[in-house]
Amino acid sequence: MGRQQHQALPEDRKTRDLNKWSPGAEPRAHRLEAEHHRPGCRPPSPAGPLEKPTVGETLESGPRTVSRRYLSSLKNKLSSGAWRKSCQPGTCPAPGMQEPEEKRIVQELLETEQAYVARLHLLDQVFFQELLKEARSSKAFPEDVVRLIFSNISSIYQFHAQFFLPELQQRLDDWTTTPRIGDVIQKLAPFLKMYSEYVKNFERAIELLATWTDKSLPFQEVLTRIQNSEASGSLTLQHHMLEPVQRIPRYELLLKEYVQKLPAQAPDLADAQKALDMIFSAAQHSNTAITEMERLQELWEVYQRLGLEDDIVDPSNTLLREGPVLKISFRRSGPMERYLFLFNNMLLYCVPRVIQVGAHFQVRTRIDVAGMKVRELTDAEFPHSFLVSGKQRTLELQARSQEEMISWMQAFQAAIDQIEKRNETFKAAVQSPGGDPQEQELQSEELGLRAPQWVRDKMVTMCMRCREPFNALKRRRHHCRACGYVVCARCSDYRAELKYDSNRPNRVCLDCYTFLTGNVLPEDKEDKRRGILEKGSAAGSEQSLMCSFLQLVGDKWGKSGPRGWCVIPRDDPLVLYVYAAPQDMRAHTSIPLLGYQVTTGSQADPRVFQLQQSGQLYTFKAETEELRGRWVKAMERAASGWSPRGPNDGDLSD
């Protein structure tokens, strides 16, 4: 029992000695903070808007990590004066002689500065030095951790204790002969920008503090001993560390009130206004630091979800938008779930992981924003779809709504514009959705420089170069990596280096091979003479009098009753071309409509209509009655020999 009392004595002595750590100015500052007041008024507490916890809360609750939401709330509070209740004229009558309003504000500035310096002394000379001493003696935690927690608090303390506070005290003592503080604040305000470093480090410091409080018992014991002392006022270290974050906005509010109370002819008015502008600049530095800290924290969380890949992690990046989209596949019938992260310099095309342990997403493709193009797609099968074309890859994406699609396109537009402003050599890469339609295939000068938009497999039934039909055995589908066409093996039996793929050889079609390499075509591989059915469906659809899918009914088309893409071209208005798919380069058949009789079908199905002439009978079925009516009108005009006179004459297409 006696041994236990003997062992407790050194700890009691430490506690008694701790209460002597405060400098001579500190007891006066605490008295001013707790006791000094004018009737009906109380100066703002250095603790700021945070409530003072009880001793029990201080001992029982450990430090908590500061969240980004809290930092945002703090920044908003610091930017506004709502949390400060300053004394207004008439609410704080002083007994006896009334002092000038501006002098009382200067007095308030001095008193809060004295209390603030006492708090800085506690942070630097007590918490910081005691933790540093313990780290050196016990080796229980690194010294660097202590230095990281307190950042540049020593510089801040020395500045206020040795320069700012003495200057304010001297000026108030000489107020009768020199009633001004604007020149003093102008001289010292530039040094307040040192707070940016402290604010940037604040969240990291709080996290380190929480980590090592749980991890190291000696660390925790030093904190508890100081926090329970009279000098600390039973407040936690985190509470004291908030003081520097809140201090500069207080200077701004007090100085703003000081300028408002100065008479119009006051000699300090011009200097005080200039000092206020300088304080405002320092406050902006502080708010900018908080914003930057939030950005880095958000960026770090994104990188963690992506698996912290070395070629992706870059603190200079800015996340512009993220979210799920649907990827339109050129092989599958339905779209696939994907996830996009759009940064200021790159797009990450990701796949969600099934087992989200560690990284939540797998990065499939990284596409540089430099040189990127984006445009809306007009696809009835996939509404709200848009195209993102980059140097590394081109993606057809589908949003969940028109508003979401526009929002994504605007985000891409902003990223592209930002890149272009920094490098004027890039050409305008994005066209607004309301502009002229863009050609699907790449311009010849872009071949090989950017990834093309691939034509979907189901959009063609034959090779887009030689026009031979595909089959599962001898003529399978391939994609030209330069132009994106669907071609057969014979027409894509060539390889050329593509710049967008780091100059690696890729499968290309014969036309692209010739353009990219400059090699002369062998005679046996030249295109055959174009046949009567070799009229491109895509070109015909864009300049057609009428086009849509029609069901082909009857034995003439086969028992399966296939669906055909039917077109009456503007440049051949008397002929109906029937294609197997909208992108086919050769029609399955063509029907000269001149002289045919157009009749409607049976009443059992009003969507059916027929073409009949000299024993020839073709039966069609439209998707709707309205569509059937337009087809009947178009065919009747062609059967009578009618031809359009102008570019928009007789257009019945949607």
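Criteria and thresholds
- Residues numbered from 1 in each chain as written.
- Predicted model: local features only at pLDDT ≥ 70, side-chain atom pairs only at ≥ 80, totals over all residues.
- Heavy atoms only, no water.
- Helix = DSSP H or I, 4+ residues; strand = E, 2+ residues; numbered from the N terminus.
- Buried < 20%, exposed > 50% of the residue type's maximum accessible area, 1.4 Å probe, protein only.
- Contact = heavy atoms within 4.5 Å.
- Areas by Shrake-Rupley, 256 points an atom, 1.4 Å probe, with all protein chains shown as cover.
- Pairing = 2+ DSSP bridges.
- Axes fitted to C-alpha atoms, helices over the stretch in contact; angles between N-to-C directions.
- Parallel < 35°, antiparallel > 145°, perpendicular 65-115°, else oblique.
- Left-handed = near helix turned anticlockwise from the far one by under 90°.
- Nonpolar A, V, L, I, M, F, W, Y, C, P; charged D, E, K, R; others polar.
- Salt bridge = Lys/Arg side-chain N within 4 Å of Asp/Glu carboxyl O.

Undergrad: Help me understand the overall build of the protein, please; the structure alone is not making it clear to me.
TA: Broken down by element type, the protein carries 17 helices and 18 strands. Looking at the protein as a whole, 46% of its 654 residues are labelled buried. Pairs at least 24 apart in sequence give 62% of the contacts found in the protein among residues at least 6 apart. Only carbon and sulfur atoms are counted for the fraction: they give 49% of the accessible area of the protein, which is about 34,100 Å².

Undergrad: What am I meant to see in unusual backbone geometry here?
TA: Excluding glycine, residues mostly carry a negative phi; peptide bonds, for their part, are mostly trans. Positioned with a positive phi, Lys139 is a non-glycine residue whose angle comes to about 60°. You can see Lys139 is positioned in the loop between helix H5 (101-138) and helix H6 (143-150). Look at Ser234: it is not a glycine, yet its phi comes out positive at around 60°. Ser234 sits in the buried class, given a relative accessible area of 16%.

Undergrad: What am I meant to see in the sheet that holds strand E1 (residues 319-327) here?
TA: Note: strands within a sheet are paired through backbone hydrogen bonds, in either parallel or antiparallel orientation. On the basis of which strands lie adjacent, the open sheet formed by seven strands has the order E4-E3-E2-E1-E7-E6-E5 and antiparallel pairing. Of all strands in the sheet, those with a lone pairing partner are strand E4 (361-368) and strand E5 (373-376), marking the two edges. The mean inter-strand angle of the sheet, taken between neighbouring strand axes irrespective of direction, is 30°. Alignment of E5 against strand E6 (residues 385-389), held across four bridges, turns out to be antiparallel. When the bridges of E6 are listed, Arg375 appears paired with Leu387.

Undergrad: When you look at the packing of H6 against helix H10 (residues 202-215) in this model, what are you seeing that I'm missing?
TA: Helices that pack against each other are described as a pair by the angle of their axes relative to one another and the distance between those axes. For the pair H6 and H10, the least separation of the axes is 8 Å and the interaxial angle reads 140°. When the interaxial angle is binned, H6 and H10 end up oblique. Crossing angle aside, the handedness with which H6 passes H10 is left-handed. For the pair H6 and H10, contact is made by Val145, Leu148 and Ile149 and by Arg204, Ala205, Leu208, Leu209 and Trp212, respectively. Looking at the contact of H6 with H10 residue by residue, the classes come out as seven nonpolar, no polar and one charged.

Undergrad: Before we go on, may I ask you to explain the sheet that holds strand E14 (residues 575-579) in this structure?
TA: The strand order E15-E14-E13-E12-E18-E17-E16 describes an open sheet built from seven strands, whose pairing is antiparallel. Of all the strands in the sheet, the pair left with one neighbour each is strand E15 (589-592) and strand E16 (597-600). Across the sheet, the mean angle separating the axes of adjacent strands is 35° when strand polarity is ignored. Sheet analysis places strand E12 (residues 544-553) next to strand E13 (residues 563-569), joined by seven bridges and oriented antiparallel. Each bridged residue has a counterpart across the sheet, and for Ser548 the counterpart in E13 is Cys566. Sitting on the sheet, helix H17 (residues 625-639) is in contact with E12, E13, E14, E16, strand E17 (608-613) and strand E18 (616-621), with an inclination near 115° to E12.

Undergrad: Please clarify how the pairing of E6 should be interpreted in this entry.
TA: Consecutive side chains along a regular strand alternate between the two faces of the sheet. Of all five residues in E6, five are buried; the element is thus mostly enclosed. Here E6 shows no split at all, with Ser385, Leu387 and Ser389 on one side and Phe386 and Val388 on the other all buried. Two successive antiparallel strands, E6 and strand E7 (residues 394-398), enclose a turn made up of four residues.

Undergrad: What exactly am I supposed to notice about the pattern of salt bridges here?
TA: Side chains that differ in sign of charge can pair as their charged atoms come close. The full count for this structure, using the stated rule, is 21 salt bridges. The residue Glu167 makes a salt bridge to Lys187 at a minimum N-O spacing of 3.3 Å. Note that Glu167 is positioned in helix H7 (residues 153-173) and Lys187 in helix H8 (residues 182-188), a separation of 20 residues in sequence. Judged by relative accessible area, Glu167 falls into the partly exposed class, the value being 26%. The salt bridge involving Arg630 is made with Glu626; its shortest N-O contact spans 2.8 Å. Note that Arg630 and Glu626 are positioned in helix H17 at a spacing of four residues, about one turn of the helix. Arg630 gets classed as buried once you look at its relative accessible area, which sits at 14%. In the salt-bridge network here, residues are joined through shared partners; they are Arg136, Glu143, Asp144 and Arg147.

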